[in-house]
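Residue-level listing of the chains:
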Amino acid sequence: MRILAIETSCDETAASVIDAQGSIASPSFSVIAQAVHSQIEAHRPYGGVYPNLAKREHAVNIIPILNQVISAEGSVVSLSQEQKEKIIELLNREGTLAQEIIVYVESMANPAVDAICVTSGPGLEPALWVGIRTAQALGIAWNIPVYPVNHMEGHVLSVLVDTATQNMQSIETATVKFPLLSLLISGGHTELVAGASFVDYEKIGETRDDAVGEAFDKVARILELSYPGGPEIGKLAQQFRDSGKQSDIKFPRPMINSGDLDFSFSGLKTAVLYYAKDRDVSDEEKQEIACAFENVVAEVLVAKTKAALLKTGAQTLIVAGGVAANTYIRQEFEKLIAAEFSSVQLLFPRKELATDNSVMIGIAGYLEIVKNGQAPIDIIADGNWSLGSKNA
Ligand code: KG4
Ligand code: ZN
């Protein structure tokens, strides 16, 4: 089955075409084409993502991104009046996008795509709507079904793409052992999710306040680093480690002994704020602070995940989401597994698939198609759609 996947939940406008086949227990995928437009430059002056700016940027970039991944040969499509009216009605809140989609569709042949999968939550609702409505309009135009996908399920399944191959084939999924435990660490979420299979999830721990990526971004702002903060902090922290210097900074390790699987990062961010407040922080001190902060984050993530592994008896640990691009955090998980859980399989996404992308949405969408069959009649954006619960 050939799938067009669309992702617009936050600040990346992404689309891809993937081939998918096989059962839920042993699916296989290959990526035919993928494109991502990052809005980082647009949001950078604000130090964070603004939902309405994100929405506008998605509407501007979605067709150019689709153009990069879809190729269609043969006679061009001509839409009926009824199809055009439906598309205009669907996109009545998205400015000129309806007209642009009609012109786009009528400028080429029907692409050889069997289904469209689109992120419908969690995320920024104004941003999600652009992807959903575009997907629905294309579904009408090309007469193919459209399926909603949970963005966090996408992050879990992003690990199914081989980290070694050039051309993005799937890993040997038959070798993945169940049950799974996923630690999802991104700009909007920090959660531990148990999984009996690839499509069966239960959230067993989450942050009570800031997400870990959000803490990286806020600490970066305190240190006057550029947005997004995660990669910047990672770089400075590594420079400090490489310098061989010792640090006396002791930030609190929030909830490390709370006895449950929840997290909290806002106190840690505040501790950094108080430490850096009212003084001139030199570049060297920034490295030291970044390192002390990253050490605490890694220690808390590892401690909670260790408790969750013991509790669930998981055979595979997945660490995914934007923060899973962090080299030091990856190393700390490798150490944990080597030292204490040698029979557990540890999976990370390829670095380019750790942050938001649409390949993971295509993969998650395929498995949901196999599981559920029919496409729903309508799709709505659900900014808080929690993994393990039904789409609202
Ligand atoms: O998964 P993602 O792309 O978007 C969301 O779904 O939120 O995650 C983005 C987050 C940002 O907070 C960013 O600072 C963080 O991931 N991030 C990193 C690194 N690369 C991205 N955090 C730490 N180290 C990194 N190398
Ligand atoms: Zn994400």
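Residues numbered from 1 in each chain as written. Chains lettered and ligands numbered in written order. Predicted model: local features only at pLDDT ≥ 70, side-chain atom pairs only at ≥ 80, totals over all residues. Heavy atoms only, no water.

(A) Geometry of the layout of surface pockets. Of the pockets and cavities examined, the largest pocket occupies roughly 1100 Å³. Taken together, 42 residues form the lining of the largest pocket, with S186, G187, G188, D217 and Y227 sitting closest to its centre. Where the lining of the largest pocket is concerned, the elements lending two or more residues are α6 (151–157), α7 (212–222), α8 (229–243) and α11 (327–340). In terms of residue count, the dominant contributor to the lining of the largest pocket is α7 (6 residues). The class makeup of the residues in the lining of the largest pocket is 13 nonpolar, 20 polar and 9 charged. (1 Å grid on protein atoms, 1.4 Å probe; cavity = no way out; pocket = protein on both sides within 12 Å on 5 of 7 lines; lining within 4 Å. Points joined across faces, edges and corners; volume = space filled by probe spheres on them. Helix = DSSP H or I, 4+ residues; strand = E, 2+ residues; numbered from the N terminus. Nonpolar A, V, L, I, M, F, W, Y, C, P; charged D, E, K, R; others polar.)

(B) Unusual backbone geometry, seen in detail. Cis geometry is found at the peptide bond from G121 to P122, where omega equals -15 degrees. Within the fold, P122 resides in the loop between β4 (115–121) and α5 (125–142). Of note, the amide linkage connecting Y227 to P228 takes the cis form, showing an omega dihedral of -5 degrees. Of note, E224 is a non-glycine position whose phi angle comes to about 55 degrees, a positive value.

(C) Structural context of the side chain of E7. Within the secondary structure layout, E7 lies in strand β1 (residues 2–7). Looking at E7, its side chain comes within polar contact range of the side chain of T119, at 2.7 Å. At 2.9 Å, the side chain of E7 forms a polar contact with the side chain of H151. (Polar contact = N/O pair within 3.5 Å; in protein donor to acceptor, adjacent residues only side chain to side chain.)

(D) Examining the site of ligand 1 more closely. Among the 20 residues in the neighbourhood of ligand 1, the closest are listed as G187, D217, G230, G322 and D356. Here G188 contributes a backbone N or O atom positioned 3.2 Å from an oxygen atom of ligand 1. Measuring from an oxygen atom of ligand 1, one finds a backbone N or O atom of G322 at 3.0 Å. In isolation ligand 1 exposes 560 Å². Once the protein is present, 88% of that is buried. Given that more than half its atoms are within 2 Å of the pocket grid, ligand 1 belongs to the largest pocket. Only α6, α7 and α8 provide two or more residues apiece to the shell around ligand 1. (Near = heavy atom within 4 Å. Areas by Shrake-Rupley, 256 points an atom, 1.4 Å probe, with all protein chains shown as cover. Sits in = over half its atoms within 2 Å of the grid points.)

(E) Structural detail: helix α3 (residues 81–90). For α3, the complete set of buried residues consists of Q83, I87 and L90. Down the axis of α3, the buried side of the element spans an arc of 65 degrees, and every buried residue falls inside it. In α3, those exposed residues whose orientation departs by more than 90 degrees from the buried face are Q81, E82 and E89. Elements in contact with the buried residues of α3: α4 (97–106) and α5. (Buried < 20%, exposed > 50% of the residue type's maximum accessible area, 1.4 Å probe, protein only. Arc of directions from axis to C-beta. Contact = heavy atoms within 4.5 Å.)

(F) The sheet that holds strand β9 (residues 316–320), seen in detail. Read from one edge of the open sheet, 5 strands run β8-β7-β6-β9-β10, paired in mixed fashion. Single-partner strands in this sheet number two, and they are β8 (200–206) and β10 (345–347). Neighbour-to-neighbour, the strand axes of this sheet turn through a mean angle of 20 degrees, independent of strand direction. Direction of pairing for β9 relative to β10: parallel, over a ladder of 3 bridges. Bridge assignment links T316 to a residue of β10, and that residue is Q345. Across the sheet, helix α10 (residues 283–312) lies against β6 (180–185), β7 (190–197), β8 and β9, angled at about 160 degrees from β6, the strand it touches most. (Pairing = 2+ DSSP bridges. Axes fitted to C-alpha atoms, helices over the stretch in contact; angles between N-to-C directions.)

(G) Structural view of the packing of α8 against α10. Put simply, α8 and α10 touch, their axes get as near as 7 Å, and they point 105 degrees apart. On the basis of the axis angle, α8 is roughly perpendicular to α10. Where α8 approaches α10, its residues I233, G234, L236, A237, Q239, F240 and R241 are matched on the opposing element by K286, Q287, E288, A290, C291, F293, E294 and N295. The residue makeup of the contact of α8 with α10, split by class, is 7 nonpolar, 4 polar and 4 charged. (Parallel < 35°, antiparallel > 145°, perpendicular 65-115°, else oblique.)

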